[in-house]
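In case you want the letters, here they are:
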Amino acid sequence: MLAYILRRLLWTPVLLSLAAFFVFIMGMCAPGDPAELRLGNRATPERIERERERLGLDDPIPVRYVRYVNGVLKGDFGDSYHYQGKPVLEIIAPRLWVSMQLNIAALIVAVLVGLPLGFYAAKRQGTGRDPAIVISMLILYAMPVFFTAPFLILFFAVKLHWVPAAGWGGFFSLQIILPALTIGIPGAAIFVRFMRASTLDVIGQEYVRTAHAKGMSNFVVNYRHVARNALLPVLTIMGFTLAGMFGGSLIVELIYGIPGAGRLSLDAIFQRDFPVLTAFVLLGAAMLVFANLIIDIAYTIVDPRIRLQ
Amino acid sequence: MKNSQTFDPPEEMEPKLKDVPAARGHWRNIWANFRRRRLAFISLILVAFIYLLGIFAPVIQTHDYQETNLRRTQQGPSTENWFGTDRAGRDLYTRVVWGIQTTVIITVTSFATGSLLLGVTIGLVAGYFRGWVDAVIMRVGEVVSAFPDILLIILLAATLRPRIVEFARSVEDSTGMSGLVSSGIVDYVVIGIALLPLSWFGMMRLVRGQVLVLREAEYVEAARAMGTSTPRILFRHILPNVVSPIIVSVSFGIGAIALSEVVLSFFGLGVQPPRPSLGVMIGEVTARGGASVSVLRDHPEQLLAPIIVVWLLIFCWNIVGDALNDVLNPRAR
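This one's a predicted model, so the numbers in the text were calculated from it and none came from an experiment.

K.L.:
Report on the overall build of chain B, specifying residues and quantitative values.
P.N.:
Assigned secondary structure in chain B consists of 13 helices and zero strands. Mapped in sequence order, the helices and strands of chain B form the string α-α-α-α-α-α-α-α-α-α-α-α-α. A buried classification covers 43% of the 333 residues belonging to chain B. Nonlocal contacts in chain B, meaning residues at least 24 apart in sequence, comprise 72% of its contacts between residues at least 6 apart.

Spelled out as structure tokens, the structure:
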């Protein structure tokens, strides 16, 4: 197991540098000459030439790549084209923080709704409630966020006036409720599906029957023997689900007018601010890779039976 | 995953089993099994219906999708405009139908190229030859899947579009062809390429996993011993045995691809106006022009048609996929 963790830890930087290479190449494919874009339309050819030299744009690609990775490791993703040479990290960090808060809130919703409901559905297998939960969750899962977001706004904000329709007020404000629900519901649907399947697996185990036979109370068997073991496989899809929710949050931010990474990346696309866009994509990849790494390692620790190769 | 359709009353099955002649083709059996699942069967019909709407968009349209009518903007449904009109007075029914066509074209082409052609072939090769070919392919796949899907798609579409448009313009200039850019073919190419990383890797991994097992099977060994050529082993002996999981994976994947296309267009990176797309239509009501909440508040019905179509597509493909999974891989339940 130690060897596995070690190998994963060694592979991670390689993976990330390959990802950085890909992003770097995409950045080079991006239209427009960075020197020209930085100086604006009225720059003279000589000034552009000097700027190119200063930025090292005429160096060979490997040199530029190494310089790029070096910068990234120090937190320097280059300068924004649009915001007059402001460092990209300075622009991205606060926006990313907003998106992260939103996604954490959504994950809490997904876990609190999804896990108990999946467990409940599995316990009620064979009755009408199990398929009812499964089907309704599939309906919710298939419901695009374009649907849930406007619906929630119309109902809870415009009609009932319970919460503000849009905007951002931080993690502990009323405004976070609707977007967190919008992102969290499809996540909850995924959790229901996996939690139900893994609970069904565990219910059939002999140690559960033994526990019942020993005369343990239903509550103890359910929570100590069934739920805790059923939770383990669900852990592994946490990272995958988080990534899916993160993608959904881009759209949700636009609809709710939240100043997060989604808004920023969309603006970057239309302002052709490619340093911002590529940095954002690379950071997204890094977060996903680390999240999966942590989850995998946690998994091997929580469940010592797992021998991953 | 089981759903309610798996529980058929036994008295219904008995006579059927008696009626069935002993020898019936594998695929006919599967079809019969599939048809018995009512919800899945209805879903398949719905999907087919939606796709037909898209394919026959030019025939069933009631207006032109670009035609604006400033005297009839933001109208509710009427006999003239079945789903109402948008803020430029364009007929929503016509635009939805054409939007479906966009989705149909993109899902089908990107699936045929990315998932089926690339994914299956690379999966066969990686699984069969193993060794360094396999290692390289798997590592590339790992890098691609290290990115959050939607971000990667957005990045590809944003950086590649200008290049591809430029290239298409130069082709137009040098050959004298016209309309390559304006007809929207370029948009399809851009979206198709942007969706590639989403479609090929999953399929590749699936096929590779199956092939890794199958290549050790005795019948493959026998074929090899008889001197059968490698391509023949791959495509005649191994591929047919991988078809079932491929079908299941396609039915699950198409919904996801359709959604990605809608998302791209929503962000303005997919199909460009004036060509309608479901994503553009949704974006116009919810998130464009800063007036999101007011348009949404006053005319939410404009959202209904495009959103229901997207929702139905994803939902129905999921149900169909579930049923196919039960029917085709009975052991995996």
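K.L.:
Describe in detail the overall build of chain A, supporting the description with residues and values.
P.N.:
Scanning chain A for helices and strands turns up 13 helices and zero strands. If you list the helices and strands of chain A from N to C, you get α-α-α-α-α-α-α-α-α-α-α-α-α. Taken along the three principal axes of its C-alpha coordinates, chain A extends 85 × 60 × 30 Å. Taking all 309 residues of chain A together, 40% fall into the buried category. Of the contacts made within chain A by residues no fewer than 6 positions apart, 72% connect residues no fewer than 24 positions apart.

K.L.:
Please give an account of the environment of L235(A) that cites residues and values.
P.N.:
Residue and element names in this part refer to chain A. Looking at the element boundaries, L235 is found in helix α10 (residues 218–236). Put simply, L235 and F24 are 211 residues apart on the chain and 33 Å apart in space, counted from C-alpha to C-alpha. Those residues within four positions of L235 in sequence are excluded, and the remaining contacts are I295, A298 and Y299.

K.L.:
Residue-level account of the domain arrangement of chain A, with values.
P.N.:
All names here are of chain A. In terms of domain boundaries, chain A breaks down into domain 1 (2–88) and domain 2 (90–307). Taken over C-alpha atoms, the centre of domain 1 sits 33 Å from the centre of domain 2. The leading source of residues in the side of domain 1 that touches domain 2 is helix α1 (residues 2–29), at 11 residues. Split into classes, the residues belonging to the side of domain 1 that touches domain 2 amount to 16 nonpolar, six polar and three charged.

K.L.:
Account for the interface of chain A and chain B, with residues named and values stated.
P.N.:
If you look at the interface, chain A gives 44 residues, while chain B gives 39 residues. Contributions of two or more residues to the side of chain A that touches chain B are made by α1, α6 (129–142), α7 (145–159), α8 (177–203), α11 (238–256), α12 (261–270) and α13 (274–302) of chain A.

K.L.:
Account for unusual backbone geometry, naming residues and giving values.
P.N.:
Generally, phi is negative for residues other than glycine and the peptide bonds are trans, each holding for most cases. Positive phi, normally seen in glycine, also occurs at R130(B), with a value near 45°. One can find R130(B) in the loop between α5 (92–129) and α6 (131–146).

K.L.:
Can you break down the packing of α12(A) against α13(A) residue by residue, with the values?
P.N.:
Residue and element names in this part refer to chain A. Between α12 and α13, whose axes approach to 8 Å, the crossing angle comes to 140°. The angle between α12 and α13 places the two elements in the oblique class. In this structure, α12 meets α13 at a crossing whose hand is left-handed. Facing α12, whose interface residues are A261, L264, S265, A268 and I269, α13 presents V276, L277 and F280.

K.L.:
How would you explain the nonpolar core if you had to name every residue and give the values?
P.N.:
V281(A), I153(B), I154(B) and A157(B) are the most contacted members of the largest nonpolar core, which totals 166 residues. The two domains that each donate at least three residues to this core are domain 1 (2–88) and domain 2 (90–307) of chain A. Discounting residues that sit within four places of it in the chain, V281(A) has contacts with V23(A), F147(B), L151(B), L152(B) and L155(B).

K.L.:
I'd love a proper account of the confidence of the model for chain B, names of residues and values included.
P.N.:
All names here are of chain B. Of the residues in chain B, 86% reach a pLDDT of 70 or more, and the chain-wide mean stands at 79. Across residues 1–8 the pLDDT falls below 50, and counting only partners more than four positions away or on other chains, this stretch makes 18 contacts in the model. Two numbers describe this predicted complex: its pTM, 0.79, and its ipTM, 0.77.

K.L.:
Mind laying out the environment of V72(A), listing which residues take part and the relevant values?
P.N.:
All names here are of chain A. Structurally, the position occupied by V72 is in helix α4 (residues 61–73). Linking V72 and I91, residues 19 residues apart in sequence, is a C-alpha distance of 15 Å. The contacts of V72, once residues within four sequence positions are left out, are A20 and F77.

K.L.:
Describe in detail the packing of helix α10 (residues 230–266) of chain B against helix α11 (residues 278–286) of chain B, supporting the description with residues and values.
P.N.:
Residues and elements named next belong to chain B. At a closest axis distance of 7 Å, the pairing of α10 and α11 adopts a crossing angle of 45°. One way to sum up the angle between α10 and α11 is to call them oblique. α10 and α11 meet at a crossing whose hand is right-handed. Between α10, through E261, V262, V263, L264, S265 and F266, and α11, the contact on the second element is made entirely by L278, G279, V280, I282 and G283. Of the residues assigned to the contact of α10 with α11, the class counts are seven nonpolar, three polar and one charged.

K.L.:
Go over α1(A), please, and point to the residues and values.
P.N.:
A rise of 1.5 Å per residue sets the reference length of α1(A), with its 28 residues, at 40 Å; its end C-alpha atoms lie 41 Å apart and thus fit the reference within 8%. Helix geometry: α1(A) is bent most strongly at W11(A), by close to 25°, with proline P13(A) lying one to four residues after it. Looking only at α1(A), the buried set comprises A19(A), A20(A), F22(A), V23(A), F24(A), M26(A) and G27(A). Buried-residue contacts for α1(A) involve α4 and α13 of chain A together with α6 and α7 (149–175) of chain B.

K.L.:
An account of α7(A) is needed here, citing residue identities and associated values.
P.N.:
Residue and element names in this part refer to chain A. In a regular helix each residue adds 1.5 Å, so 15 residues correspond to 21 Å; α7 covers 20 Å between its end C-alpha atoms and thus fits that length. If you look at α7, its biggest bend is around 25°, right at I153. Among the residues making up α7, those that are buried are V145, F146, F147, T148, A149, P150, L152, I153 and A157. After α7 finishes, the residue H161 shows a positive phi value of roughly 55°.

K.L.:
Can you break down the environment of F151(A) residue by residue, with the values?
P.N.:
Tracing the backbone through its elements, the reader meets F151(A) in helix α7. Counting along the chain gives 31 residues from F151(A) to T182(A), while the straight-line C-alpha distance between them is 9.6 Å.

Reading the values: the criteria
- Residues numbered from 1 in each chain as written.
- Chains lettered and ligands numbered in written order.
- Predicted model: local features only at pLDDT ≥ 70, side-chain atom pairs only at ≥ 80, totals over all residues.
- Helix = DSSP H or I, 4+ residues; strand = E, 2+ residues; numbered from the N terminus.
- Buried ≥ 20, exposed ≤ 12 C-beta atoms within 10 Å, placed from the backbone.
- Contact = placed C-beta atoms within 7 Å.
- Domains from an automatic or database assignment.
- Nonpolar A, V, L, I, M, F, W, Y, C, P; charged D, E, K, R; others polar.
- Axes fitted to C-alpha atoms, helices over the stretch in contact; angles between N-to-C directions.
- Parallel < 35°, antiparallel > 145°, perpendicular 65-115°, else oblique.
- Left-handed = near helix turned anticlockwise from the far one by under 90°.
- Core = buried A, V, L, I, M, F, W, Y, C linked by C-beta atoms within 7 Å.
- pLDDT = per-residue confidence, 0-100.
- Expected span 1.5 Å × (residues − 1).
- Bend = angle between axes of the 7 residues up to and from the residue.

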